[in-house]
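Below are the chains, spelled out letter by letter.
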Amino acid sequence: MPNIIAIDGPAASGKSSIARKLADELGYLYFDTGIMYRAITWLALQRKIPVDDEVQITGLATQTMIDVRPPTIQDGRGYDVLVDGQDITWQIRLPEVDANVSVVSAFRGVRSSLTAQQRRIGLRGRVVMVGRDIGTVVLPQADLKIYLDASVEERARRRYVELQARQENVSYDEILEKMKMRDQIDSTREVAPLRPAEDAVILDSDHLTIDQVIDKVHQMIAGKSNSDPAAAQA
Ligand code: CDP
Ligand code: CDP
């Protein structure tokens with residue numbers, strides 16, 4: 001059984017849904033590293049710190065206590081996210097956080113601070129860890145690396161459905177544009193850009209349900225997968 005499972009990929013490719021279920025089934029810890037970048041971004045917006053102020057934002061990342069604990073409220077959340085004791089589980093999903101998180105997460109100082117915390121937790125093992133750079137930078141020693149992908153149109157559609165359900169008033173076109181922008185920043189940044197690790201298995205989920213993706217992951221774990229890891233190098 002792989003001890004550390006890394007799932008990377010672009011926004012709304014299904015990483016959290018798949019990782020959460022998989023971790024449940026395996027009795028592993030599910031750890032979504034995007035939460036940490038979102039928490040720092042939310043805090044910067046809250047304190048009216050300009051998101052391009054690298055010095056102040058790096059200061060926030062080194063000083064802020066971000067905590068994740070089992071859910072205390074039954075409102076669809078998988079966990080509570082706390083920043084300095086305040087529950088910000090839903091605030092970090094607001095469209096303004098989506099729109100600014102990639103700028104914040106590109107800062108070298110922010111990444112080194114958060115990466116160190118993520119690595120410490122991941123190295124305890126029995127973990128399904130989700131992000132952009134888990135297989136490449138945070139835990140290159142992961143036993144199973146999955147790069148989950150889907151077309152940007154399908155990913156924007158998924159996020160649109162999600163925001164509609166939460167009664168957020170955003171159009172599909174707006175989400176699509178912002179998602180393209182986030183993809184672009186995440187994959188071209190200098191530090192830890194979004195890309196598949198050389199030994200990752202690439203899974204295209206455009207026409208797959210969450211359960212179908214999980215089935216494929218179980219096949220990989222059982223060593224029966226027909227996926228070609230070499231595809232990751234293409
Ligand atoms: O859920 P979604 O895929 O939309 O985003 P997320 O996983 O919560 O990540 C939000 C943002 O944090 C990403 O767009 C990246 O800019 C950044 N991130 C990162 O740089 N490295 C990670 N390991 C995780 C997230
Ligand atoms: O974590 P990430 O941003 O990669 O994606 P997610 O939050 O797990 O999934 C984004 C949305 O797409 C959720 O509402 C999922 O239910 C949905 N989804 C889907 O419809 N089909 C998939 N194969 C994967 C996710």
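Heads up: these notes are all about the structure in this document.

Considering the arrangement of structural elements, one finds Asp 186 in helix α8 (residues 172-188). C-alpha of Asp 186 to C-alpha of Asp 215: the two residues are 29 residues apart in sequence and 28 Å apart in space. Residues contacting Asp 186, with those up to four places away along its chain left out, are Ser 102, Ser 105, Arg 132, Pro 193 and Leu 194. Of the polar contacts made by the side chain of Asp 186, one reaches the side chain of Arg 132; its length is 3.4 Å.

In this section: the sheet that holds strand β2 (residues 29-32). Read from one edge to the other, the open sheet built from five strands follows the order β2-β6-β1-β7-β8, with strand pairing classed as parallel. On the outer flanks of this sheet lie β2 and β8 (201-204), each paired with one strand and no other. In this sheet, neighbouring strand axes are inclined to one another by 20° on average, regardless of whether the strands run parallel or antiparallel.

Turning next to the site of ligand 2. Taken together, 14 residues form the shell around ligand 2, and within it Ala 12, Lys 15, Ser 16, Ser 17 and Leu 208 come nearest. Taking Arg 158, its side chain carries an N or O atom lying 3.5 Å from a nitrogen atom of ligand 2. At a separation of 3.1 Å, an oxygen atom of ligand 2 approaches a polar side-chain atom of Arg 159. Contact with the protein chains covers 79% of the free accessible surface of ligand 2, which is 540 Å². Contributing elements (two or more residues each) for the shell around ligand 2: α1 (15-26) and α7 (152-165). Among the residues making up the shell around ligand 2, the classes are represented as five nonpolar, five polar and four charged.

Spatial ordering of the open sheet is given by β3-β4-β5, a layout of three strands whose pairing is antiparallel. Whereas interior strands pair on both sides, the edge strands pair on one side only; in this sheet they are β3 (66-69) and β5 (86-87). Against the sheet, helix α2 (residues 34-46) touches β3, β4 (80-83) and β5, its axis set at about 130° to β3.

The next point concerns the packing of aromatic side chains. Scanning all chains against the criterion turns up two aromatic pairs. Between Tyr 30 and Tyr 79, the aromatic rings sit 6.0 Å apart at their centres with planes inclined by 45°, giving tilted as the arrangement. With Tyr 30 in strand β2 and Tyr 79 in the loop between β3 and β4, this residue pair connects regions lying 49 residues apart in the sequence. No difference in accessibility class separates Tyr 30 from Tyr 79, as the two residues are buried.

Lining the immediate environment of ligand 1, one finds 19 residues, of which Arg 38, Ser 105, Arg 111, Arg 182 and Asp 186 sit closest. A distance of 3.1 Å is found between an oxygen atom of ligand 1 and a side-chain nitrogen or oxygen belonging to Arg 132. For ligand 1, an oxygen atom lies 2.7 Å from a polar atom in the side chain of Asp 186. When ligand 1 is considered free in solution it has 530 Å² of accessible area, and contact with the protein chains removes 99% of it. At the level of elements, α2, α4 (95-105) and α8 are the ones that each hand at least two residues to the shell around ligand 1. Looking at the shell around ligand 1, its residues break down into four nonpolar, five polar and 10 charged.

With that out of the way, let us pick up the pattern of salt bridges. By the definition in use, this model includes 19 salt bridges. One salt bridge connects Arg 111 with Asp 133, and the closest N-O pair in it is separated by 2.9 Å. With Arg 111 in helix α5 (residues 108-122) and Asp 133 in the loop between β6 (127-131) and α6 (134-138), this pair connects stretches of sequence that are 22 residues apart. Considered together, Arg 111 and Asp 133 belong to a single accessibility category, that of buried residues.

Reading the values: the criteria
Residues numbered from 1 in each chain as written. Chains lettered and ligands numbered in written order. Predicted model: local features only at pLDDT ≥ 70, side-chain atom pairs only at ≥ 80, totals over all residues. Heavy atoms only, no water. Helix = DSSP H or I, 4+ residues; strand = E, 2+ residues; numbered from the N terminus. Contact = heavy atoms within 4.5 Å. Polar contact = N/O pair within 3.5 Å; in protein donor to acceptor, adjacent residues only side chain to side chain. Pairing = 2+ DSSP bridges. Axes fitted to C-alpha atoms, helices over the stretch in contact; angles between N-to-C directions. Near = heavy atom within 4 Å. Areas by Shrake-Rupley, 256 points an atom, 1.4 Å probe, with all protein chains shown as cover. Nonpolar A, V, L, I, M, F, W, Y, C, P; charged D, E, K, R; others polar. Phe/Tyr/Trp six-rings, centres within 6.5 Å; stacked < 30°, edge-to-face > 60°. Buried < 20%, exposed > 50% of the residue type's maximum accessible area, 1.4 Å probe, protein only. Salt bridge = Lys/Arg side-chain N within 4 Å of Asp/Glu carboxyl O.

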